[in-house]
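Understanding the architecture of this molecule
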Amino acid sequence: MVLALTVLGVALLLLVLGLFAFGLRRRVIQRSGGTFDCSARFAPPASGKSAGKGWRYGVARYNGDRVEWFRVFSYAPRPRQSLHRERIEVRDRRLPQGDEELALLPGAVVLSCRHDGLDVELAMSEDALTGFLAWLEAAPPGQRVNVA
């Protein structure tokens, strides 16, 4: 009985510490400001596949001439992807289709982009999209910006 209570107590403590670590990591990411909720899909499915597959929920943060993307359900202190402003080519903007409506946050807009030759889709709120496009267009003089 004592062993079972000890194991249960340790498991509960680990659960609480894990949740605390998620919250602390999110606070550290947001500390410098300029963050927004942003789901991402770095390998969009081929045509004929389910449109709702491959989306990952995350937080994006502006950092100079980069947008750093962090997975929400991760303990990693570093961004999973870093998108450089001068290498982002915006191709299309659309509303979620089919299964995507279930995979993304309500009110999300999908932005289809190309970065370093790879297809990337970012889903964010309308307000975050306005800020993102303004950030892209605010590149320093002499840098090329590809906004459709």
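Look above for the structure.
Residues numbered from 1 in each chain as written. Predicted model: local features only at pLDDT ≥ 70, side-chain atom pairs only at ≥ 80, totals over all residues. Heavy atoms only, no water.

Observations concerning the overall build of the chain
A tally of helices and strands in the chain yields 3 helices and 8 strands. Listing each helix as α and each strand as β along the chain from the N terminus yields α-β-β-β-β-β-β-α-β-β-α. A sequence separation of at least 24 residues applies to 49% of the contacts in the chain between residues at least 6 apart. Total accessible area on the chain stands at roughly 9,200 Å², and carbon and sulfur atoms take up 59% of it. (Helix = DSSP H or I, 4+ residues; strand = E, 2+ residues; numbered from the N terminus. Contact = heavy atoms within 4.5 Å. Areas by Shrake-Rupley, 256 points an atom, 1.4 Å probe, with all protein chains shown as cover.)

Focus on the pattern of salt bridges
The tally for this structure, following the rule as stated, stands at 10 salt bridges. Note that R91 and D119 form a salt bridge whose closest N and O atoms lie 3.4 Å from each other. With R91 in strand β6 (residues 88-94) and D119 in strand β8 (residues 118-124), this residue pair connects regions lying 28 residues apart in the sequence. The partly exposed category is assigned to D119, whose relative accessible area is 34%. (Salt bridge = Lys/Arg side-chain N within 4 Å of Asp/Glu carboxyl O. Buried < 20%, exposed > 50% of the residue type's maximum accessible area, 1.4 Å probe, protein only.)

Here we look at the packing of aromatic side chains
For the structure shown, the criterion picks out 4 aromatic pairs. Here the aromatic rings of Y62 and W135 are separated by 5.3 Å at their centres, their planes lie at 45°, and the arrangement is tilted. A residue pair is termed long-range when its members are at least 10 positions apart, and Y62 in strand β3 (residues 58-63) and W135 in helix α3 (residues 126-137) qualify at 73 residues. Assessed through its relative accessible area of 22%, Y62 is described here as partly exposed. Measuring from ring centre to ring centre gives 5.9 Å for F132 and W135, while their planes differ by 35°; the resulting arrangement is tilted. You can see F132 and its partner W135 sitting in helix α3, 3 residues apart, about one turn around the helix. Here the two residues F132 and W135 agree in accessibility, since each one is buried. Grouped by ring-pair contacts, the aromatic residues F36, Y62, F132 and W135 constitute a single cluster. (Phe/Tyr/Trp six-rings, centres within 6.5 Å; stacked < 30°, edge-to-face > 60°.)

Some details on a nonpolar patch on the surface
On the surface, V10, L13, L14 and L17 cluster together into a nonpolar patch covering about 380 Å² of accessible area. Residue placement: L17 occurs in helix α1 (residues 2-30). By relative accessible area, which is 47% here, L17 ends up partly exposed. (Patch = residues over 30% accessible without salt bridge, like charges linked within 9 Å, V, L, I, M, F, W, Y side chains within 5 Å.)

Re α1
Here α1 spans 42 Å end to end across 29 residues, near enough to the 42 Å set by a 1.5 Å rise per residue. Regarding α1, the residues found buried are G18, R25 and I29. Where α1 is buried, its residues meet β1 (35-37), β3 and β4 (66-71). (Expected span 1.5 Å × (residues − 1).)

Some details on the nonpolar core
A general trend in soluble globular proteins is that nonpolar side chains are found buried together. I88, L122, M124 and F132 are the most contacted members of the largest nonpolar core, which totals 21 residues. Those elements that place two or more of their residues in this core are β4, β6, β7 (109-115), β8 and α3. No other element matches the 6 residues that α3 contributes to this core. Beyond its immediate chain neighbours, meaning those up to four positions away, F132 contacts F36, Y62, V67, I88, L111, L122 and M124. Counting residues in each nonpolar core, the second largest holds 5 residues, with W55, L104, A108 and A123 among its members. (Core = buried A, V, L, I, M, F, W, Y, C linked by side-chain atoms within 4.5 Å.)

Re α3
Taking 1.5 Å of rise per residue, the 12 residues of α3 would be expected to cover 16 Å, and the 17 Å separating its terminal C-alpha atoms lies within 8% of that figure. By the burial criterion, the buried members of α3 are A128, L129, F132, L133, W135 and L136. For α3, the angular spread of buried residues about the axis comes to 155°, placing them on one side. For α3, the exposed residues set more than 90 degrees away from the buried face come down to D127, T130 and E137. (Arc of directions from axis to C-beta.)

Just geometry here; none of it tells us what the structure is for.
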